[in-house]
Amino acid sequence: MHKKIVTDSTSDLPQEFLKEHNIHVVPLNLTIDGESYIDQIEVSSEEVIHLIEDDADIKTSQPPIGKFIEMYDELGKDGSEIISIHMTSGLSGTYQTAYQASQMTDSKVTVIDSKSISYGLGFQLEHIVEWVNEGLSTEEIVEKVQHLQSNIKVYVVIGQLTQLIKGGRIGKAKGMIGNIMRLKPTGTLEDGRINLMSNPRTQKASLQFIKKDLVNFLENHSIKKIGIAHANALDFVEKAKQQFVNDEYSTDYELSFTTPVISTHTGQGAIGLTFLRS
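A. Summary view of the overall build of the chain. A tally of helices and strands in the chain yields 11 helices and 13 strands. Radius of gyration (C-alpha) of the chain: 19 Å, near the 19 Å computed for a compact globule of 278 residues. By its C-alpha atoms, the chain is 55 × 50 × 30 Å across when sized along the principal axes. Counting across all 278 residues of the chain, residues that qualify as buried make up 55%. Counting only contacts in the chain whose residues sit at least 6 apart along the sequence, the fraction spanning at least 24 positions is 76%. When the accessible surface of the chain is split by element, carbon and sulfur atoms take 48% of a total near 13000 Å².

B. Fine view of helix α5 (residues 119-133). With 15 residues, α5 ought to run about 21 Å at 1.5 Å a step, and its terminal C-alpha atoms sit 21 Å apart, in line with that. Within α5, 13 of the 15 residues are buried, which leaves it mostly tucked inside the rest of the structure. Following α5 by one or two positions, Gly135 has its phi on the positive side, about 85°.

C. Summary view of the side chain of Ser84. One can find Ser84 in strand β6 (residues 81-86). Once residues lying within four places of it in the same chain are set aside, the contact partners of Ser84 are Val6, Tyr72, Val109, Thr110, Val111 and Ile112.

D. Inspection of the environment of Gly187 at higher detail. Note on placement: Gly187 falls in strand β9 (residues 186-190). Its relative accessible area of 0% is what places Gly187 among the buried residues. Non-local contacts of Gly187, meaning those with residues more than four positions away in its chain, are made with Val154, Tyr155, Val156, Asn195, Leu196 and Met197.

E. Seen up close, the layout of surface pockets. There is about 320 Å³ of room inside the second largest pocket. Taken together, 22 residues line the second largest pocket, and the ones lying closest to its centre are Leu13, Pro14, Gln15, Leu18 and Gln40. Of all the elements in the fold, those that place two or more residues in the lining of the second largest pocket are α1 (15-20), β2 (23-25) and β12 (253-257). Considering every element that reaches the lining of the second largest pocket, the biggest residue donor is β12, with four residues.

F. Focus on the environment of Ile23. Looking at the element boundaries, Ile23 is found in strand β2. A sequence separation of 32 residues divides Ile23 from Asp55, and the C-alpha atoms of the two residues are 34 Å apart. Setting aside its immediate chain neighbours within four residues, Ile23 contacts Ile5, Thr7, Phe17, Leu18, Leu125 and Val129.

What counts and how
Residues numbered from 1 in each chain as written. Predicted model: local features only at pLDDT ≥ 70, side-chain atom pairs only at ≥ 80, totals over all residues. Heavy atoms only, no water. Helix = DSSP H or I, 4+ residues; strand = E, 2+ residues; numbered from the N terminus. Rg over C-alpha atoms; globule rule 2.2 N^0.38 Å. Buried < 20%, exposed > 50% of the residue type's maximum accessible area, 1.4 Å probe, protein only. Contact = heavy atoms within 4.5 Å. Areas by Shrake-Rupley, 256 points an atom, 1.4 Å probe, with all protein chains shown as cover. Expected span 1.5 Å × (residues − 1). 1 Å grid on protein atoms, 1.4 Å probe; cavity = no way out; pocket = protein on both sides within 12 Å on 5 of 7 lines; lining within 4 Å. Points joined across faces, edges and corners; volume = space filled by probe spheres on them.

Below, the structure written as structure tokens:
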């Protein structure tokens, strides 16, 4: 049976890749000073960064359930099976909404929680494309995705604490002290939720923390691929590449300016590093 792939707008994969492999995107939404915008369609990452700098009031929200039902109905009307994979349910209600929509359509839809964001979701999509092309069954693909998830590690270095304070993810007093001290809270995605584990004061120190923590994840594995996503932080990207894009780790990497939805939470100057172990 023919299979079609659906995702949301948080994978950080290039638009060309999504188009080339017929990956259908149901985008999230942003509300900027009371006006609603569709992620990456009506507002770009660069525009959101400028708006954050201007202290605009920005909130993010999952796609309406109707958008998923519409997409599933349309894609499944020729009898195709649908695999729908989304950003972690630990940070957004998108997966839950997609799952509810899958119960309200006549199309055959399998919804997967990627338990990740950015390239953590992107690398899963790249593999699903391969497995669909190889003719694997949906059950086999779901099983392989679950195994793949255990081989993906995402690190996040927050750019500005202002956005986390606004979103209520960090206390106001704690956040303001952090901003004054120019802290770079660094953490990892654990079971789909961000766990901030360290508060280094420099980009170099945050990369050192990641390097040290990565040892536990790698054990005796090697790194197959690295994903680097940033929120207007090319200087930071260069430092990260010097640390990790080399013969010791991996020379295979992907780079992107992260999606507006992600940069809304991380603030300008943030970076996300995704490691896929072999």
